Amino acid sequence: CYQEENQDAKFSQIARAIDDLDIDVVCLQEVGEQWGNGNGAWDSNAAKIIRDRLRQPYHLHTDWSHIGFDRYREGIAVLSRYDFLITDAGYMSSSHDVYSIDSRKVVMVQLNVPYMGMVNVFSAHLSWPSGGFFEQFDRLRAWANHKHGNHLAATFLCGDFNIKAGSEAYQAIVQTREYEDQYLAATSPKSFER
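Residues numbered from 1 in each chain as written. Predicted model: local features only at pLDDT ≥ 70, side-chain atom pairs only at ≥ 80, totals over all residues. Heavy atoms only, no water.

1. Digging into the overall build of the protein
Piece 1. Summing up its helical and strand segments, the protein has five helices and seven strands in all.
Piece 2. Counting helices and strands in the order they occur from the N terminus, the protein gives α-β-α-β-β-β-β-β-α-β-α-α.
Piece 3. For 194 residues, the compact-globule estimate of 2.2 N^0.38 gives 16 Å, and the C-alpha radius of gyration of the protein, at 17 Å, lies within 12% of that figure.
Piece 4. If one aligns the C-alpha atoms of the protein with their principal axes, the spans along those axes are about 50 × 40 × 30 Å.
Piece 5. Counting only residues that meet the buried cut, the protein has 42% of its 194 residues in that class.
Piece 6. Expressed as a percentage of contacts within the protein between residues at least 6 apart in sequence, the contacts between residues at least 24 apart total 63%. (Helix = DSSP H or I, 4+ residues; strand = E, 2+ residues; numbered from the N terminus. Rg over C-alpha atoms; globule rule 2.2 N^0.38 Å. Buried < 20%, exposed > 50% of the residue type's maximum accessible area, 1.4 Å probe, protein only. Contact = heavy atoms within 4.5 Å.)

Dropping the structure here:
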């Protein structure tokens, strides 16, 4: 959220990586834009800047949760080369106070991905376990389950969950057996052998 040195160069680096790796869908967290007395400043939105630097057109859905570092609207986003069929956003936290870092929102898009079918993608930035993660994940899970139907090939919960792999909070997700850690599935497939 605009807290790194050479931020503009890093936006270009992210755009190059998306182009070079030919990525279909990107979920972003800590998407900042100037506060602008709470109205924001679209031209400073980090996800928009990255999208505008891509070689191919991408669709963008973004929303913000709270003021970050006392000067930015901080939020989440999804970039996709596929059209959005549905977009939505909502608070997963009890707090909806834009002046509280405990206010956490998630964005959702539905896409029709070639050779895969219809999918829902949720881009999340949840709080730490001590700051409301469990309650927020329960709300996210209920929302994802509500949006999931037989017409969908998959639901993806993506983002920054502010938890460590193997931790109690991590176990709370995977022990539902509703979701698999796709990074772990790709890097350590034997973890899923039963």
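2. What to know about the pairing of strand β5 (residues 105-113)
Piece 1. Here β5 lies mainly inside the structure; eight of its nine residues are buried.
Piece 2. Examined bridge by bridge, strand β4 (residues 86-91) and β5 share six bridges and lie antiparallel to one another. Bridging across to β5, D88 finds its partner in M108.
Piece 3. In terms of strand pairing, β5 meets strand β6 (residues 117-125) through eight bridges, oriented antiparallel. Looking across to β6, one finds that V113 is bridged to G117.
Piece 4. Taken together, β5 and the strand that follows it, β6, pair antiparallel across an intervening segment of three residues, in which Y115 is found at a positive phi of about 65°. (Pairing = 2+ DSSP bridges.)

3. With respect to the sheet that holds strand β7 (residues 152-160)
Piece 1. Read across the open sheet, the four strands follow the order β4-β5-β6-β7; overall the sheet is mixed. With one partner strand each, in any of the chains shown, β4 and β7 form the two edges of the open sheet. Averaged over neighbouring strand pairs, the angle between their axes works out to 20° when direction is ignored.
Piece 2. Set on the sheet, helix α3 (residues 133-147) makes contact with β4, β5, β6 and β7; between it and β6 the angle comes to about 165°. (Axes fitted to C-alpha atoms, helices over the stretch in contact; angles between N-to-C directions.)

4. A few points about the packing of aromatic side chains
Piece 1. A full pass over the atoms with the stated rule returns eight aromatic pairs.
Piece 2. On the numbers, 5.6 Å between centres and 90° between planes, the contact of Y2 with F11 is edge-to-face.
Piece 3. For F11, a relative accessible area of 5% gives the class buried.
Piece 4. Aromatic ring contacts, followed pair by pair, group F133, F134, F137 and Y179 into a single cluster. (Phe/Tyr/Trp six-rings, centres within 6.5 Å; stacked < 30°, edge-to-face > 60°.)

5. Regarding the side chain of H61
Piece 1. Within the secondary structure, H61 is located in strand β2 (residues 59-68).
Piece 2. By relative accessible area, H61 is classed as buried at 14%.
Piece 3. At 3.0 Å, the side chain of H61 and the backbone oxygen of D88 are in polar contact.
Piece 4. Residues within four places of H61 in sequence aside, it is in contact with I76, A77, V78, F84, T87, D88, A89, V107, M108 and V109. (Polar contact = N/O pair within 3.5 Å; in protein donor to acceptor, adjacent residues only side chain to side chain.)

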